[in-house]
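# Commentary on secondary and tertiary structure
The lines below spell out each chain.
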Amino acid sequence: KIKILIIGGAPVDKNLEQKLLKYKTKCYSTFGMTETITHIAVKELNQNNNFVALPTISFQKTKDDCLIINAPHISKLPIETNDIIELTSKKSFIWKGRKDNVINTGGIKILAEDIEQYLTELIPNNRFFVTSEKDDLLGEKIILIIEGTKTTALDNLNFNTLDKFSKPKNIYYSSKFTESDNGKILKQEIKRKLIRWEKK
C-alpha cells in the first residue's frame, strides 16, 4: 500500500534492489551526511545509478574525484566530501565509494565497494564487508569479513573473475556484527577484534 518509500542511512545493495522489484512501490535511496544536516540527493532504485540533486543543490568534484556539494541554504562555502563519484552533470552523480575505503595493494588502488558489489551475488545470505590488513609484500592485502560461521561453501568462494589484486587473501568470520546506535556496521572495531584474535 506504500506508494513511495525512502531508504536512507547506508548504500542499498543489489540483493535488496532485486527484492524490491516485485513491489509497485517507488523506492528511492537517499544521499546525505552530517555536514549537510539532511538529504541532498535521491536515486530511484532500479532506474539508473544517478543520484539527482534536490532543489538549490549542485555538485562539483575535486582532482581526486571526490564530491563537492554546493548547498547555499546550508553552508556559504562548498562542502568537500570523501565520497568518490562520477560526475554526470552539475545536478547528478554516480556514487563509487569512500576515499577512506581505497586499498593500496601492491601499488594498485582498489575501492572496497567495487569488490563488495561483485561479492553480493556470491554471498546472498550473509552480511559482509571488504577491508585490508598490513602485508610485508603488498603493503596492504585485501581481506573479506563475513557475518556468520565458517562453512565449506563460504570458505571456497570463487574469486576467479576478480583480478589478482582484487581477490581477498584472507576470509574472517564474525558470529555477529557490532553496530552503532543507528544500525551502521562498526567495520574497524570488528576488524581489530578479529585480526587480534586470529594472531593469538
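Presented here is an overview of the structure given in this document. Each residue is numbered by its place in its chain's sequence as written, counting from 1. pLDDT decides what is reported in this predicted model: residues at 70 or higher carry local features, side-chain atom pairs at 80 or more are listed and counted, and totals for whole chains, interfaces and linings draw on all residues regardless. Side-chain descriptors were evaluated using all non-hydrogen atoms of the structure, hydrogens and water having been removed beforehand.

Right, let's talk about the sheet that holds strand E12 (residues 139-147) for a bit. Any two strands with at least two DSSP bridges between them are considered paired. For helices the rule is a DSSP run of H or I covering at least 4 residues; for strands it is a run of E covering at least 2, with both sets numbered from the N terminus onward. If you walk across this open sheet you meet the three strands as E11-E12-E13, and the pairing is mixed. Looking at the sheet topology across the chains shown, the edges are occupied by strand E11 (128-135) and strand E13 (170-174). Adjacent strand axes in the sheet meet at a mean angle of 35°, parallel and antiparallel pairs treated alike. In this fold helix H2 (residues 112-122) packs onto E11 and E12, with an angle of close to 135° to the strand it touches most, E11. Only the stretch in contact is used when a helix axis is fitted, and all axes are lines through C-alpha atoms; the angle between N-to-C directions ranges over 0 to 180 degrees. The contact criterion used is simple: two residues touch if any of their non-hydrogen atoms lie within 4.5 Å.

Core analysis: the largest hydrophobic core is formed by 16 residues, its most contacted members being Ile 115, Leu 119, Ile 123, Val 130, Leu 144 and Ile 146. Within the residue set of this core, elements represented by two or more residues are H2, E11 and E12. Each residue touching Ile 146, except ones within four places of it in the same chain, is listed here: Ile 123, Asn 126, Arg 127, Phe 128, Leu 154, Leu 157, Ile 171, Tyr 172, Tyr 173, Ser 174 and Phe 177. Take the buried Ala, Val, Leu, Ile, Met, Phe, Trp, Tyr and Cys residues and link them wherever side-chain atoms come within 4.5 Å; each set so joined is a nonpolar core. The rule is simple: take the accessible area with a 1.4 Å probe, protein chains only, and divide by the maximum for that residue type; under 20% is buried, over 50% is exposed, in between is partly exposed. Listed in part, the 14 residues of the second largest apolar core include Ile 40, Ala 41, Phe 51 and Ile 69.

Here the focus is H2. Listed in full, the buried residues belonging to H2 are Ala 112, Glu 113, Ile 115, Glu 116, Leu 119 and Thr 120. The buried residues of H2 all sit within an arc of 155° when viewed along its axis, so they share a single face. Here, the arc refers to the directions that run from the helix axis to the C-beta atoms.

Let us now look at the layout of surface pockets. Definitions used for this entry: grid spacing 1 Å over protein atoms alone; cavity, a set of points where a 1.4 Å probe fits but cannot get out; pocket, an open set with protein on both sides within 12 Å along at least 5 of 7 lines; lining residue, one with an atom within 4 Å of a point. Grid points are joined across faces, edges and corners, and a volume is the space filled by probe spheres set on the points. By volume, the second largest pocket amounts to about 200 Å³. Considering the residues around the second largest pocket, the lining is formed by 13 residues, among which Asp 100, Asn 101, Val 130, Thr 131 and Gln 188 are closest to the centre. The set of elements that each furnish at least two residues to the lining of the second largest pocket consists of strand E9 (102-105), E11 and helix H4 (187-199). Per element, the largest residue contribution to the lining of the second largest pocket is four residues, and it comes from E11.

Checked against the element boundaries, Pro 124 lands in the loop between H2 and E11. For Pro 124, a relative accessible area of 45% translates into the label partly exposed. Sequence separation between Pro 124 and Asn 15 is 109 residues; the distance between their C-alpha atoms is 6.9 Å.

Ordered in space as E1-E2-E3-E4-E8-E7-E6-E5, the eight strands form an open sheet in which the pairing is mixed. The sheet terminates laterally at strand E1 (4-7) and strand E5 (58-61), the two strands that pair on one side only. Taking the axes of each pair of neighbouring strands and ignoring which way they run, one obtains an average angle of 45° across the sheet. Across three bridges, strand E6 (residues 66-70) lies against strand E7 (residues 79-89) in antiparallel orientation. Counterpart to Cys 66 in the pairing with E7 is Ile 84.

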